[in-house]
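The lines below spell out each chain.
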Amino acid sequence: MTKIKFILPYIGLLLFIGIQISYFISPEELFITKVLYILITYIFSVILVQFSKNLFNVFLAISFFVSVFYYPVNIVYGKVDYGYIYSVYYTNVRESFSYMKMIPIKVYLNLILLAIITIALGKLQYKRFKNRVLYCIVLYCIVLYFPIKKIILYPLNKKIYHYSNILPIKKILYIISEVYTIKEEQENININMRKPSSWEIIEKTKPLKKNIIVIIGESARRDFFHNYGFLIKNTPFIDSTPHIQFENYVSVSYGTISSLSRTLSLSNTLKDYQISDNIVSLGHKLGYETYWVSNQEFAEKIDSYLTTLANSTRHHTSLHQGKVRNMINYPMDDGMLPIFDKYFDEKTTKPKLIIVHMYGSHPAIKDRVNGEYDEFLLSKNISYYSKSIKNTDAFIDHIYKKLKDSEESYYLIYFSDHGQGIKKDLTITHTDRYKEGYNVPLLIWGDDIDKSVSIQSRRTGKDFLYFFSELIGVRLKNIHRNYRFISEDKNDDSKTMVLDGNLNLQDYEKLPSNGVKDFIKNNKSNNK
């Protein structure tokens, strides 16, 4: 009986650590990796309780709070990575509420249960071992030896989480490390945006358009657009108007900031981008009056890339400025149209470059469509997403009609920052694991475009400013490519590379597909 009392707390601790680590480790990790993390964390916990019960309780509490952060993210998004931490760093209260509504109720129940177990384990009495020398040696191996070995073999760097083998501590160090990297990037943005641009115009091959409108969609993957082959007719405007359509346009990254920073600024390599050489500074160089209308909040105390870029335009407005904040829902994108109309109607001797940044199809997708959909397909989440694309189509339609009615020359460009993935439970989420996380629409309308053209050749967001300069008829010394973007020419890249959640390069072609047509096909097969 005495032995059972001695063993039971340690068995409970092992089960607790096993459950907990399954909560905050990514489902992508190998089984053997999970087992090793459980064993190392368990041995560390056992030895820690021998030294100090108070320190052990602190470790339990820290581990629990790590679970509270990681577990919901792993369920909703699949993993915690640099891209996710970046978005959290700049997230506002309203967006946090939107995220919380995406978390299944079972996650909250599991966390409540975990909290109860954590408290219970903290109150248990753990019998001390006699031979402390042995577990001192083990503790040294776990806490010190392997990290010291790594420091000896590899240079000490800012990725401090590499030097920890206890998973809860490793996860905390990972967050600290990535936040430090984000702050460094923020400082880099602040410094470089103050520098003058280096644009050099070689020649203008045609007269500049009176109006250039760039609509940036949010989280819209192209296989949900009817004009790209989607089952539901949710793009009546796009279907009925002459436009140039890129069938194989791939975004730089699966996250908003990592994608748009390398799309709207000059990016010769995916790892780096020239902050001061961007679409706004190019507009100024060409003599355009610049405007930015956004349904995404500008950061108030920290200068994200998009906030800084938007503030560099001569006129900029977010739907959230000067208003009492609704902490639950974002305003609908339609709220930007009166602001756009006002900017468009302003009298000026200069041509206009107006950038409109939508909230589009951003999760939680139900909020984007007020909980309504036109036609059910597979799940409510899929149906909401289809409806959000229809809303985007109507949004573009309004701006198109405004341009047509003005009888002035124009180009209207629409693209999305990144795509989305479909999970097994038929919900929509951010992903860097599938092609569809990067497959996005790129469409152009213009007063000189009188028939629809479909371009099949692969194009990437890295070359967006090259595309932009080619479209408006400007040759720049800063940008040189050996192909024509608006053509069937093969692009200059031997491989199509994209950035994953940790800003590592990955080969787009090696990613599996997550197409909605496959889900529809499988659903029909299952219903037979």
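Before going into details, it helps to say that this report is about the structure given with it.

Definitions and limits used
- Residues numbered from 1 in each chain as written.
- Predicted model: local features only at pLDDT ≥ 70, side-chain atom pairs only at ≥ 80, totals over all residues.
- Heavy atoms only, no water.
- Core = buried A, V, L, I, M, F, W, Y, C linked by side-chain atoms within 4.5 Å.
- Buried < 20%, exposed > 50% of the residue type's maximum accessible area, 1.4 Å probe, protein only.
- Helix = DSSP H or I, 4+ residues; strand = E, 2+ residues; numbered from the N terminus.
- Contact = heavy atoms within 4.5 Å.
- Phe/Tyr/Trp six-rings, centres within 6.5 Å; stacked < 30°, edge-to-face > 60°.
- Lys NZ or Arg CZ within 6 Å of the ring centre and 35° of its normal.
- Polar contact = N/O pair within 3.5 Å; in protein donor to acceptor, adjacent residues only side chain to side chain.
- Pairing = 2+ DSSP bridges.
- Axes fitted to C-alpha atoms, helices over the stretch in contact; angles between N-to-C directions.

The next point concerns the nonpolar core. The biggest cluster of nonpolar side chains holds 92 residues, and the ones touching the most others in it are V214, L264, I279, F464 and F468. Ranked by residue count, the leading element in this core is helix α3 (residues 53–76), at nine residues. Setting aside its immediate chain neighbours within four residues, L264 contacts I216, N278, I279, W292, Y305, L309, F415, F464 and L465. I213, A220, I365 and I520 belong to the second-largest nonpolar core, a separate cluster that totals 46 residues.

Right, let's talk about the packing of aromatic side chains for a bit. Enumeration over the complete set of coordinates arrives at 22 aromatic pairs. Measuring from ring centre to ring centre gives 6.2 Å for F225 and Y414, while their planes differ by 45°; the resulting arrangement is tilted. A residue pair is termed long-range when its members are at least 10 positions apart, and F225 in the loop between β2 (211–217) and α9 (236–240) and Y414 in strand β10 (residues 410–416) qualify at 189 residues. For the pair F225 and Y414, one class covers both residues: buried. Here the aromatic cluster, defined as three or more aromatic residues joined through ring pairs, consists of F246, F415, F464, Y466, F467, Y483 and F485. The aromatic ring of Y411 is capped on one face by K209, whose charged end is 4.8 Å from the ring centroid.

When you line up the elements, R459 lands in strand β15 (residues 459–460). Within polar-contact distance, the side chain of R459 engages the backbone oxygen of S487 at 2.9 Å. Ignoring any residue separated from it by four or fewer positions in sequence, one finds R459 in contact with F246, N248, Y249, V250, Y483, R484, F485, S487, E488, D489, K490 and N491.

The next point concerns the sheet that holds strand β3 (residues 244–246). As summarised here, the arrangement of the eight strands in space is β8-β7-β9-β2-β10-β13-β3-β14, forming an open sheet in which the pairing is mixed. The sheet terminates laterally at β8 (315–318) and β14 (453–455), the two strands that pair on one side only. Adjacent strand axes in the sheet meet at a mean angle of 10° when their direction is disregarded. Contacting β2, β3, β9 (352–357), β10 and β13 (442–446), helix α16 (residues 464–472) runs over the sheet at an angle of about 160° to β10.

In this section: the pairing of β13. Burial analysis of β13 places five of its five residues in the buried class, the great majority of the element. Along β13, one buried face is formed by L442, I444 and G446 and the opposite face, lined by L443 and W445, is buried too. Pairing geometry for β3 and β13, over two bridges, is antiparallel. Paired with I244 across the two strands is I444, which belongs to β13. Sheet analysis places β10 next to β13, joined by five bridges and oriented antiparallel. Along β13, the bridge assignment pairs Y414 with L443.

Any functional reading would require information beyond the geometric quantities listed.
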